[in-house]
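# Observations on the model geometry
This is what each chain is made of:
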Amino acid sequence: MIYMDNSATSPIKEEVLNEMLPYLKEEFGNPSTLYTLGRNAKKGLDQARANVADLINADSKEIVFTSGGTESDNWAIKGIAIKLRDEGKHIITTEIEHPAVKNTCEYLENFGFETTYLPVQENGIISIEDLKNAIREDTILISVMHANNEIGTIQPIEEIGKIAKEKDIIFHCDAVQSIGKIPVDVKAANIDLLSMSSHKIYGPKGVGALFIRKGLRLDPYIHGGGQEGGKRSGTENVAGIIGFGKAAEIAKRDLEANTEQLTAIRDALIEKILDRIPESYLNGDPDTRLPNNVNVRFAAIEGESMILRLDAKGINGATGSACSSKSLSPSYVLSALGLADADIHGSLRLSLGTENSLEDVDTVVDTLEEIVATLRTMSPIWDNEKNASIAFDESSFTSH
Amino acid sequence: MEYSDKVMDHFANPRNTGRIENPSGQGTVGNPTCGDLMTIYIDVDDNDVIQDIKFETFGCGAAIATSSMITEMAVGMPIEDALKISRNDVADELDGLPPVKMHCSNLAADALRAAIDDYKQKNQ
């Protein structure tokens, strides 16, 4: 199997699992208790917190563990909205945020908050001018992701943080896809709140963290027994947190080597796909993108068919096609790039992981070339004689 | 969402793909914007029986499987019988489709009807 869907989730590393196992067995203590067993669990949490803090150049005291990226995003945004509701009702975000941010902002609109969704340019990056122009007197929060989950493009967070600081606006950054892949420095980027997840960096699912800058007080999102320094109640997911901590330590240790390895695979994949498959195109920016993200589109074929056929050959990827989404709408991220729906249906995301190698590239491209060709032979919008797509007028078709 | 074995079989090994040159009738339904577009070609003999049928489909697994399935169901059928094949008949023949696919990707019966209408119009 060639697994290339690491932006969906990644396999737990052996080192991570080994670190977790004792906490699922003999070291099962509750970190809130006073006896040795509990203190051992507490020590494990402290080490994990230090590792996660270290990955983003933060202080341990600024890290609160959560159930994952989605909870962190919800807490950051709703928390600021509640805290600053008397100071303003305006939130700025982008059109390409993860649903955990997008849907949270939309929910807050039910309570009188207003959101500006910044568009992105053709390469998937926002314009700083647009951001400056969107800021109002009553803007209380800027929430911009670091790297996009679908197209991997990286936003200029240092510039955004500088503007937010000058204007005295809270800056939240969803860094779920970027931590462990590219350097993240909360101090350099003046970030107030930063969301993280464990299972995208070879840690276990069900655990994440929110960085809350020292001095910024955020009411709890989950109320209860006062764990995590009173900030996030509920008995800690000890083994999960230990695993996240280990994954963060490894991610920092291996960052440079991984970047080199993944960039080489990414660039070889993109080059060979675009070179060998007619009417294939890259989505997003060629350079300002995560080292592990490939997102391409193919004219005249549909993504679900491509994913299923790749799966039959032991290759796992993802598509922005409507047919594979729960909502049956095409990817709003790809729409924001200005792509037509028919093109979005033919998109493929291959998100690489450290298990991939350069040897995988030829296997994947050979397989993909064959699948795309097969699907095109049965596509009514592909001319097999000319080996080119057939132009069509959308309005000439019926909707259904 | 899970496809039946029969859907996967027709998706992985679609029958009767391609086009018929100068067909007796052809019908296209769907819209590439929605992610599904299907064309069915038929050759009909003097007794109004479907002798040959082929399809071209841009779409998901269900769209391809329903297209393939209906070509097997309709070949050798008098057009008046073929007209009676419903979307549900095609889905049933495939041992069912995921609910979310029943509406959007289950267009083969419509495409076949459009092809037969086209044939009838040409032979009025």
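### Some points on the interface of chain B and chain A
- Taken residue by residue, the interface counts 30 residues in chain B and 23 residues in chain A.
- Both faces combined, the contact of chain B with chain A buries some 2,300 Å², and carbon together with sulfur accounts for 64% of it.
- For the chain B face of the interface with chain A, the top three residues by lost area are Phe11(B), Thr33(B) and Phe58(B), together amounting to 25%.
- At the boundary of chain B and chain A, one finds one salt bridge.
- Between Lys101(B) and Glu304(A) there is a salt bridge, with the nearest N and O atoms lying 2.7 Å from each other.
- Counting across the interface, chain B meets chain A through nine residue pairs in polar contact (both at pLDDT 80 or more).
- When contributions to the side of chain B that touches chain A are tallied by element, the ones reaching two or more residues are α1 (5–12), β1 (25–31), β2 (36–44), β3 (50–58), α2 (61–74) and α5 (99–104) of chain B.
- Among the residues forming the side of chain B that touches chain A, the class breakdown is 16 nonpolar, eleven polar and three charged.

### A few points about the nonpolar core
- Leu269(A), Phe298(A), Met306(A), Ile42(B), Ile50(B) and Leu112(B) are the most contacted members of the largest nonpolar core, which totals 66 residues.
- A total of eight residues in this core trace back to one element, the largest contributor, which is α2(B).
- Setting aside residues no more than four positions away along its own chain, Leu112(B) makes contact with Ile40(B), Ile42(B), Ile50(B), Ile53(B), Ile70(B), Ala74(B), Ala82(B) and Ile85(B).

### Brief notes about the sheet that holds strand β12 (residues 347–351) of chain A
Residue and element names in this part refer to chain A.
- Pairing in this open sheet of three strands is antiparallel, and the strands run β9-β10-β12 from one edge to the other. Pairing within the sheet leaves two strands with one partner each, and these edge strands are β9 (280–282) and β12. In this sheet, neighbouring strand axes are inclined to one another by 25° on average, regardless of whether the strands run parallel or antiparallel.
- Here strand β10 (residues 293–298) pairs with β12 via five bridges, running antiparallel. When the bridges of β12 are listed, Asn-295 appears paired with Arg-349.
- Relative to β10, helix α7 (residues 238–276) is tilted by about 10°, and along the sheet it contacts β9, β10 and β12.
- On top of the sheet, helix α8 (residues 303–312) reaches β10 and β12; it is set at about 40° to β12, its chief contact.

### A closer look at the packing of α2(B) against helix α6 (residues 108–122) of chain B
All names here are of chain B.
- It is the contact of α2 with α6, at a shortest axis distance of 9 Å, that shows an interaxial angle of 50°. Taken together, α2 and α6 sit at an angle that is classed as oblique. Note on packing geometry: the crossing formed by α2 with α6 is right-handed. Residue-level inspection shows Thr-66, Ser-67, Ile-70 and Ala-74 of α2 in contact with α6, the latter providing Ala-108, Ala-109 and Leu-112.
- Its residues assigned to classes, the contact of α2 with α6 shows five nonpolar, two polar and no charged.

The rules behind the values
- Counting starts from 1 at the beginning of each chain's written sequence and moves along it residue by residue.
- Lettering for chains starts from A, numbering for ligands starts from 1, and both go in the order in which the items are written.
- The model is predicted, so local features are restricted to residues of pLDDT at least 70 and side-chain atom pairs to those at 80 or more, both for listing and for counting; the totals for chains, interfaces and linings are taken over all residues.
- To obtain the side-chain values, all non-hydrogen atoms of the structure were used and water was disregarded.
- Contact definition: two residues touch when any of their heavy atoms are within 4.5 Å.
- In short, buried area is how much 1.4 Å probe accessible area vanishes from two parts on joining, totalled over both.
- Definition used for salt bridges: Asp or Glu carboxyl oxygen within 4 Å of a side-chain nitrogen of Lys or Arg.
- Polar contact is the term for a pair of N or O atoms within 3.5 Å; when the atoms are in protein, one must be able to donate a hydrogen and the other to accept it, and sequence-neighboring residues count only if both atoms are side-chain atoms.
- A helix here means a DSSP run of H or I that spans at least four residues, while a strand means a run of E at least two residues long, and both kinds are numbered starting from the N terminus.
- Under the convention adopted here, Pro, Cys and the residues Ala, Val, Leu, Ile, Met, Phe, Trp and Tyr are nonpolar, Asp, Glu, Lys and Arg are charged, and Gly plus all remaining residues are polar.
- Residues belong to a common nonpolar core when they are buried Ala, Val, Leu, Ile, Met, Phe, Trp, Tyr or Cys residues joined through side-chain atoms within 4.5 Å.
- Between buried and exposed lies partly exposed: a residue is buried under 20% and exposed over 50% of the maximum accessible area for its type, with that area taken using a 1.4 Å probe on protein chains only.
- Two strands pair under a simple rule: DSSP has to find at least two bridges between them.
- The convention used is that axes are lines fitted to C-alpha atoms, helices contributing only their stretch in contact, and that angles between N-to-C directions extend from 0 to 180 degrees.
- Roughly parallel covers angles under 35 degrees, roughly antiparallel covers those over 145, roughly perpendicular covers 65 to 115, and oblique covers all other angles.
- Left-handed is the label given to a crossing in which the near helix is rotated counterclockwise from the far helix by less than a right angle, and right-handed is the label when the rotation is clockwise.

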